[in-house]
Amino acid sequence: MSVKQTAGRTILGDIAPKFAELNDDILFGEVWSREDKLSLRDRSMITVTAILSKGLITDALKSHIANAKKNGVTKEEMVELVTHVAFYAGWPNAWAVFPMVMEIYKDDEQSVSPLFGLGEYNKAYEKYFTGKSYLNPLCGNEASIANVTFEPGCRNFWHIHHVGGQILLCTEGEGWYQEEGKKAQSLHAGDVVYIAPEVKHWHGAKKDSWFTHIALSVPTPNATTEWCEEVADSEYNAL
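Each residue is numbered by its place in its chain's sequence as written, counting from 1. Restriction of local features to residues with pLDDT of at least 70 applies here, the model being predicted, together with a cutoff of 80 or more for giving and counting side-chain atom pairs; totals for whole chains, interfaces and linings are based on all residues. The basis for every side-chain value is the complete set of non-hydrogen atoms in the structure, without hydrogens or water.

**Here we look at the packing of helix α3 (residues 40-53) against helix α4 (residues 59-70)**
Our working definition: Comment: axis = line fitted to C-alpha atoms, over the contacting stretch for helices; angle = value between 0 and 180 degrees taken between N-to-C directions. Helix and strand definitions follow DSSP, with helices as H or I runs of at least four residues and strands as E runs of at least two, each counted in order from the N terminus. When an angle is under 35 degrees it counts as roughly parallel; over 145 it counts as roughly antiparallel; between 65 and 115 it counts as roughly perpendicular; any other value is oblique. Crossings are sorted by hand: turned counterclockwise from the far helix by less than a right angle, the near helix makes the crossing left-handed, and turned clockwise it makes it right-handed. Contacts are assigned to residue pairs with any non-hydrogen atoms lying within 4.5 Å of each other. We call Asp, Glu, Lys and Arg charged. Ala, Val, Leu, Ile, Met, Phe, Trp, Tyr, Cys and Pro are nonpolar, and the rest, Gly among them, are polar.
One way to put it is that α3 packs onto α4 with a least axis distance of 9 Å and a crossing angle of 160 degrees. One element, α3, and the other, α4, form an angle in the roughly antiparallel class. Seen along the crossing, α3 lies across α4 with a hand that is left-handed. Here α3 contributes S44, T47, V48, I51 and L52 to the contact with α4, which in turn contributes L61, H64, I65, N67 and A68. Here the contact of α3 with α4 is built from residues that sort into six nonpolar, four polar and no charged.

**Notes on the pairing of strand β8 (residues 185-188)**
Where we set the bar: Paired strands, in this sense, are two strands between which DSSP finds at least two bridges.
Here strand β7 (residues 166-179) pairs with β8 via four bridges, running antiparallel. From the neighbouring strand, W176 faces β8, where its bridge partner is S186. Counted between consecutive antiparallel strands, the loop separating β7 from β8 contains five residues, among which G181 sits at a positive phi close to 85 degrees.

**As for the packing of aromatic side chains**
Our working definition: Ring geometry is summarised as follows: Phe, Tyr and Trp rings, the Trp one being its six-membered ring, pair when their centres sit within 6.5 Å, and such pairs are stacked at plane angles under 30 degrees, edge-to-face over 60 and tilted between the two. A 1.4 Å probe rolled over the protein chains alone gives each residue an accessible area, and that area as a share of the maximum for its type sets the label: buried under 20%, exposed over 50%, partly exposed in between. A ring is considered to have a charge above it if a Lys NZ or an Arg CZ atom is located within 6 Å of its centre and within 35 degrees of its normal.
Tallied over the entire structure, the rule returns ten aromatic pairs. An angle of 45 degrees between the planes, with centres 6.5 Å apart, marks the rings of F129 and W227 as tilted. Of this pair, F129 sits in strand β2 (residues 129-130) while W227 sits in strand β12 (residues 224-227), and the two are 98 residues apart along the sequence. Look at F129 and you get buried, because its relative accessible area is 9%. Overall, the relative accessible area of 24% leaves W227 in the partly exposed class. Its end group placed over the ring of Y236, R155 keeps NZ or CZ at 4.2 Å from the ring centre. Sitting above the plane of the W176 ring, K206 keeps its charged end 4.7 Å from the centroid.

**A word on the pattern of salt bridges**
We apply this condition: Every case where a carboxyl oxygen of Asp or Glu lies within 4 Å of a side-chain nitrogen of Lys or Arg is listed as a salt bridge.
According to the stated counting rule, one finds eleven salt bridges in the structure shown. The partner of K70 in a salt bridge is E230, and the shortest N-O contact between them spans 3.4 Å. Of the two residues, K70 is situated in helix α4 and E230 in the loop between β12 and α7 (233-237); the sequence distance between them amounts to 160 residues. For E230, a relative accessible area of 24% gives the class partly exposed.

**Points about α3**
Here is the rule we go by: Take the number of residues in a helix, subtract one, and multiply by 1.5 Å to get its expected span.
With 14 residues, α3 extends 20 Å from end C-alpha to end C-alpha; this agrees with the ideal 20 Å at 1.5 Å per step. Where α3 is concerned, the buried positions are L40, R41, R43, S44, M45, T47, V48, I51 and L52. Where α3 is buried, its residues meet α2 (17-31), α4, α5 (75-89) and α6 (91-104). Of the residues one or two after α3, G55 is the one with positive phi, at around 75 degrees.

Any link to function would need more than the numbers given here.
See the structure below:
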């Protein structure tokens, strides 16, 4: 999936249009999008390491740390990365970057205890989520039932359930559900959402709240899920 980046054109488009083009279209549009060679998560960790090692404790580094979190790097992993690099790049550099890490990961502590358990980090589906989610499978026999927990700001990509639909039982926190062409629906504990087959939609947490729901579906022959584009930050932040 191509990474959409416009920072170069926004900041330098007037004075250095070619540099902006190379930054947005080549570095982020092509190099970062080669996920078959190196995952976004690994690229984020490498980039943070490289910038930190140069002693460039600037907004660019802060942006890449935030991007690393978005790409699935946990707070514990980021702290360990900075600690490790400190021995090679200098102790003062590590001291300077830790306030950024603290700010970016300040809401990273789980503020609710899901009724059916948090489960494990949702590694298998991380490429279809913005932010971190956790999955706790509950049943996989005659029905597929799983507890899904979203960190604040986390949401899945637009997607479509073909042939078979899905039911969401909201249990904790606050979230959003939106179908294509319709307004987003605010979700709270106790809400039930029926997602009909062939409806393009997304769901996830609000910006300032963890959110948990039970996802329930009945196995149907030839049923598939089609994952589409990411929910744009501009679209999500406008909710």
